[in-house]
Amino acid sequence: MIQPAAATPTGPTGTVTVRVPAKVNVQLSVGGLRPDGFHGLANVFLAVGLYDSISATRADAPLLTVSGPDAAQVPQDRTNLAARAAELLAERHGLAPDVHLHIAKDIPVAGGMAGGSADAAGALLACDRLWGLNTPREELLALCAELGSDVPFSFAGGAALGQGRGERLTPLEVGGAFHWVFAVADGGLSTPDVYRECDRLREAAGTGSSAADVPEPVASEALLAALRAGEAQALAATLHNDLQPAALSLRPSLAETLETGLAAGALAALVSGSGPTCAFLTADADSASRTAHTLTASGTCRTARATTGPAPGATVV
Ligand SMILES: C[C@@](CO)(OP(=O)(O)O)[C@H](O)COP(=O)(O)OP(=O)(O)OC[C@H]1O[C@@H](n2ccc(N)nc2=O)[C@H](O)[C@@H]1O
Ligand SMILES: Nc1ncnc2c1ncn2[C@@H]1O[C@H](COP(=O)(O)OP(=O)(O)O)[C@@H](O)[C@H]1O
């Protein structure tokens, strides 16, 4: 069921609303395929200022509604990561997951910006507060990791190095705001498909794709220093995404999007995570606005959005 944002319910017991940011991976270094089906990562996350809002209201039975231009692409059943988060929290506390979750969706769907993870993190925090559980932060982060590799970072926000499958976080210092443009594509890419294509390309290149073949990924010291200093030029020189060749292989038209943003004056361009959203780091707000305008007018993407990062993590509003 899809309802407009204005229909977000309020009840006698009140509604808890949580805002959660999207992310871009400023470094995504992918190790070999592990026996558990995941890849070891050095995943440097930066939260950016595109947000979903998740509202939780007491209800007689579980209910999920979604609003926003891309609501039709979001699953509205129990497979929705927000519904799974509410179920997980309820199960751990012996409660019934009787809650109306409403997602006001602004993060591109299946775009490599962790929108589903954001909704899971938001639903977890919103239900925790609605049900008066006040679960300690470390326990909420552990539940996040059960829901998905990116969910702990969506909860935490800011900037962090994600190791393991991306769920083991070390917070990172960031010395200033970075100006970004995100070119949103028509249609998404499946994250497992992109990892599989990465493995296929490695096999085709003869390097192998297992954990025994691929060196353990490590965070770049130069990139971490650029983040600490808040220097856009230095960060631009160190941006890296091992999934980019796979995303381009599955969606060759992204090459034109990346070139268009660079020609418009962006300092650097890369695919965001598993894509197909393309991320452009720019020198300042004016350059971001010009780059976004050029990208939108070019027809090489559906739309382009300018924003900054780091952004705060899941926050009750
Ligand atoms: C690629 C990244 C980069 O941050 O995000 P997106 O760009 O898709 O948002 C993440 O690694 C996505 O994390 P997330 O979307 O939470 O993945 P999960 O639900 O945990 O896993 C979905 C599937 O992706 C693959 N997967 C995920 C994480 C990982 N370290 N190795 C993997 O191979 C596996 O095939 C897994 O079954
Ligand atoms: N709350 C949600 N919002 C978006 N997608 C969701 C959600 N819950 C489950 N999904 C599923 O997860 C897939 C990946 O969506 P998303 O998290 O937006 O992308 P990505 O993994 O590329 O960052 C979607 O195609 C959809 O089937």
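Residues numbered from 1 in each chain as written. Chains lettered and ligands numbered in written order. Predicted model: local features only at pLDDT ≥ 70, side-chain atom pairs only at ≥ 80, totals over all residues.

Naming follows an unreviewed UniProt entry, where the chain appears as 4-diphosphocytidyl-2-C-methyl-D-erythritol kinase of Streptomyces smyrnaeus. Under the Sequence similarities (unreviewed entry) heading, UniProt states for the chain: "Belongs to the GHMP kinase family. IspE subfamily." Listed under Catalytic activity (unreviewed entry) in UniProt, the entry text for the chain is "4-CDP-2-C-methyl-D-erythritol + ATP = 4-CDP-2-C-methyl-D-erythritol 2-phosphate + ADP + H(+)". (UniProt positions renumbered as here; feature names shortened; annotations may be inferred.)

Caption draft 1: Local environment of the site of ligand 2. Surrounding ligand 2, one finds 19 residues, the nearest of these being Leu81, Ala110, Gly115, Gly116 and Asp119. Here the shell around ligand 2 gets four residues from one element, more than from any other, and that element is helix α2 (residues 115–130). Of the residues that constitute the shell around ligand 2, the class distribution is nine nonpolar, nine polar and one charged. Here the shell around ligand 2 spans two domains, since at least three of its residues come from each of domain 1 (5–173) and domain 2 (178–309). (Near = placed C-beta within 6 Å. Helix = DSSP H or I, 4+ residues; strand = E, 2+ residues; numbered from the N terminus. Nonpolar A, V, L, I, M, F, W, Y, C, P; charged D, E, K, R; others polar. Domains from an automatic or database assignment.)

Caption draft 2: Representation of the site of ligand 1 in the model. In the vicinity of ligand 1 lie 20 residues, with Gly148, Ser149, Asp150, Arg165 and Gly273 positioned nearest. When contributions to the shell around ligand 1 are tallied by element, the ones reaching two or more residues are β1 (15–33), β2 (39–58) and α5 (191–204). Taken together, the residues that form the shell around ligand 1 break down as six nonpolar, 12 polar and two charged. Residue-level mapping places the shell around ligand 1 at the junction of two domains, with at least three residues from each of domain 1 (5–173) and domain 2 (178–309).

Caption draft 3: The nonpolar core, seen in detail. Ala82, Ala123, Leu124, Val181 and Leu281 are the most contacted members of the largest nonpolar core, which totals 99 residues. In terms of residues, this core owes the most to one element, β2, which gives 11 residues. Composition of this core by domain shows at least three residues from each of domain 1 (5–173) and domain 2 (178–309). Setting aside residues no more than four positions away along its own chain, Leu124 makes contact with Ala85, Leu89, Leu140, Leu143 and Cys144. (Core = buried A, V, L, I, M, F, W, Y, C linked by C-beta atoms within 7 Å. Buried ≥ 20, exposed ≤ 12 C-beta atoms within 10 Å, placed from the backbone. Contact = placed C-beta atoms within 7 Å.)

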